[in-house]
Amino acid sequence: MSACAVAAAARGRYLAAAALSRARAASASSLPWGGLRTAVGATGLWAGFAPRRFLSSRNRPEGKVLETVGVFELPKQNGKYETGQLFLHSVFGYRGIVLFPWQARLYDRDVTSPVPEKGENSAGHGSKEVKGKTHTYYQVLIDARDCPHISQRSQTEAVTFLANHDDSRALYAIPGLDYVSHEDILPYTSTDQVPIQHELFERFLLYDQTKVPAFVARDTLCAWQEKNHPWLELSDVHRETTENIRVTVIPFYMGMREAQNSHVYWWRYCIRLENLDNEVVQLRERHWRIFSLSGTLETVRGRGVVGREPVLSKEQPAFQYSSHVSLQASSGHMWGTFRFERPDGSHFDVRIPPFSLESNKDEKTPPSGLHW
């Protein structure tokens, strides 16, 4: 087992992510920042925290031996993490490493401002005036060993692009690439020179024990970021909470294609659902309204999302997925609701925050693959 094996299983009291997903509300000094230990089983990996001591046999699955694999660091309350920072995702539990940061505009509809300040971006959808504030996200690589165990994700461990050829609907994906909010980063250190298993790890990063973090960007990472910047950049993030269910939406412009003598514009959007309460709920239906600048308004209804009806519980509080939308206009808007079911059979609707679909003014040719 790798010296830096960290849990990707999404269940059980030994899951580091589940244990810490609720810990963000506590002060950093109350967390057991010590050795990180893992065990391998037939159904995946478990992880636990030990404040400078080994876990006792009664506190781990029978027959599973925990071993030290790294040391957690205190999360940064201010500033940002640098390229090469190892981390555990506080919600989904996977191992990852930071490639570079993005400065996004977060429009949080749970925090409203009656009068936007000069110079601030606003999203005045509906009856609320929402002021956008700068928030740090990170482009990261996910350890390939953990992807099979991230049960509360659906195809979001890959970033998709339009293929650069005549087929206007063809997509290709870079697996194991993700966007992570600053508060979801649980940083740790390791003495392993290859702590993350990903085909791009050694292409992008170089081990240098004299540096902190000990992994620095290769020229290929800088060139890749510069070349694909328009298609990777995270710009706006939208968030709203209804009855303790928080919905976060991140749209990405993917480019334009010509089809049947017309222009078709494509976007990808990533949605995260989080249950902030202890009551178990299940997503049953989706209801979308899609407005195009061309004047069309489309309504989409259906069961669940991406073929699933996820259950959000205290043990598995979040679900994340991504999808795509196309318009025959350079901009538009999307909004809607998710219908959830409670254990007693009653239903309630959760608002999806309205978000804009904007195309890049200075459009460049989308990437055609993993070429440098």
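Being a predicted model, the structure only gives us computed values, none of them experimental. (Residues numbered from 1 in each chain as written. Predicted model: local features only at pLDDT ≥ 70, side-chain atom pairs only at ≥ 80, totals over all residues. Heavy atoms only, no water.)

## What about the overall build of the protein chain?
When its secondary structure is counted, the protein chain shows three helices and 23 strands. Burial status across the protein chain gives 52% buried among its 372 residues. Put simply, 69% of the contacts in the protein chain that link residues at least 6 apart link residues at least 24 apart. Per element, the accessible surface of the protein chain, about 17,500 Å² overall, is 47% carbon and sulfur. (Helix = DSSP H or I, 4+ residues; strand = E, 2+ residues; numbered from the N terminus. Buried < 20%, exposed > 50% of the residue type's maximum accessible area, 1.4 Å probe, protein only. Contact = heavy atoms within 4.5 Å. Areas by Shrake-Rupley, 256 points an atom, 1.4 Å probe, with all protein chains shown as cover.)

## Some thoughts on helix α3 (residues 219–232)
Bending of α3 peaks at approximately 45° at the position of Glu226, with proline Pro230 no more than four residues after it. Buried residues of α3: Leu221, Trp224, Asn228, Pro230, Trp231 and Leu232, and no others. (Bend = angle between axes of the 7 residues up to and from the residue.)

## Here's the deal with the side chain of Gln139
Along the chain, the position of Gln139 falls in strand β7 (residues 130–142). Under the relative-accessibility criterion, Gln139 is labelled buried at 0%. A polar atom in the side chain of Gln139 sits 3.5 Å from the side chain of Tyr179. (Polar contact = N/O pair within 3.5 Å; in protein donor to acceptor, adjacent residues only side chain to side chain.)

## What to know about unusual backbone geometry
A cis amide bond links Val212 to the next residue, Pro213, at an omega of -5°. With respect to the helices, strands and loops of the structure, Pro213 is situated in the loop between β13 (205–207) and β14 (215–217). One non-glycine residue, Glu243, lies in positive phi territory at about 50°. Checked against the element boundaries, Glu243 lands in the loop between β15 (236–242) and β16 (245–259). With a relative accessible area of 47%, Glu243 lands in the partly exposed category. Even without being a glycine, Val306 presents a positive backbone phi close to 40°. Assignment of secondary structure puts Val306 in the loop between β19 (297–303) and β20 (311–312). Overall, the relative accessible area of 39% leaves Val306 in the partly exposed class.

## Some points on the pattern of salt bridges
Inspection of every chain in the model, using the stated rule, returns 17 salt bridges. One salt bridge connects Arg239 with Glu183, and the closest N-O pair in it is separated by 3.8 Å. Taken together, the residues Arg239 in strand β15 and Glu183 in the loop between β11 (177–181) and β12 (185–189) connect sequence positions 56 residues apart. Under the relative-accessibility criterion, Arg239 is labelled buried at 11%. (Salt bridge = Lys/Arg side-chain N within 4 Å of Asp/Glu carboxyl O.)

## Section: the nonpolar core
Membership of the largest hydrophobic core comes to 30 residues, with the highest contact counts inside it found for Ile97, Leu99, Trp224 and Leu234. Looking at this core, the elements that each hand over two or more residues are β4 (86–89), β5 (95–108), β7, β11, β12, α2 (201–204), α3 and β16. With six residues, β5 is the single largest residue contributor to this core. By size, the runner-up hydrophobic cluster in this structure holds 28 residues, among which are Val305, Val325, Ile352 and Leu357. (Core = buried A, V, L, I, M, F, W, Y, C linked by side-chain atoms within 4.5 Å.)

## Looking at the pairing of β19
Here seven bridges tie strand β18 (residues 281–292) to β19, and the two strands are oriented antiparallel to one another. What sits directly across from Trp288, in β19, is Val300. Connecting the antiparallel pair β18 and β19 is a turn made up of four residues, with Gly295 showing a positive phi of about 105°. (Pairing = 2+ DSSP bridges.)

## Considering the pairing of β5
The two faces of a sheet get side chains in turn, since along a regular strand they alternate between them. Here β5 lies mainly inside the structure; eleven of its 14 residues are buried. Pairing analysis gives three bridges linking β4 to β5, with the strands arranged antiparallel. Bridge assignment links Phe87 to a residue of β5, and that residue is Gly96. Linking β4 back to β5 in an antiparallel pair, the connection comprises five residues, with Gly93 at a positive phi of about 80°. Bridge count for β5 against β7 is eleven bridges, and the pairing is antiparallel. Looking across to β7, one finds that Trp102 is bridged to Tyr137.

## A closer look at the confidence of the model for the protein chain
Chain-level statistics for the protein chain give a pLDDT mean of 77 and a share of 68% at 70 or above. Under a pLDDT of 50 for its full length, residues 367–372 has, in the predicted model, 20 contacts with residues more than four places off or in other chains. (pLDDT = per-residue confidence, 0-100.)

## Observations concerning the packing of aromatic side chains
If you walk through the whole model with that rule in mind, you get 16 aromatic pairs. Seen in terms of ring centroids, Phe100 and Trp102 are 5.4 Å apart; in terms of plane orientation they differ by 85°. Their pairing is edge-to-face. Residue classification places Trp102 among the buried residues on the basis of a relative accessible area of 5%. Through a chain of ring-to-ring contacts, three or more aromatic side chains come together here, namely Phe100, Trp102, Phe204 and Trp224. The positively charged end of Arg268 is found above the aromatic ring belonging to Phe252, 4.2 Å away from the centroid. (Phe/Tyr/Trp six-rings, centres within 6.5 Å; stacked < 30°, edge-to-face > 60°. Lys NZ or Arg CZ within 6 Å of the ring centre and 35° of its normal.)

## What to know about the environment of Lys314
Tracing the backbone through its elements, the reader meets Lys314 in the loop between β20 and β21 (318–327). On the basis of relative accessible area, Lys314 is assigned to the partly exposed category, the value being 45%. A sequence separation of 33 residues divides Lys314 from Val281, and the C-alpha atoms of the two residues are 10.0 Å apart.

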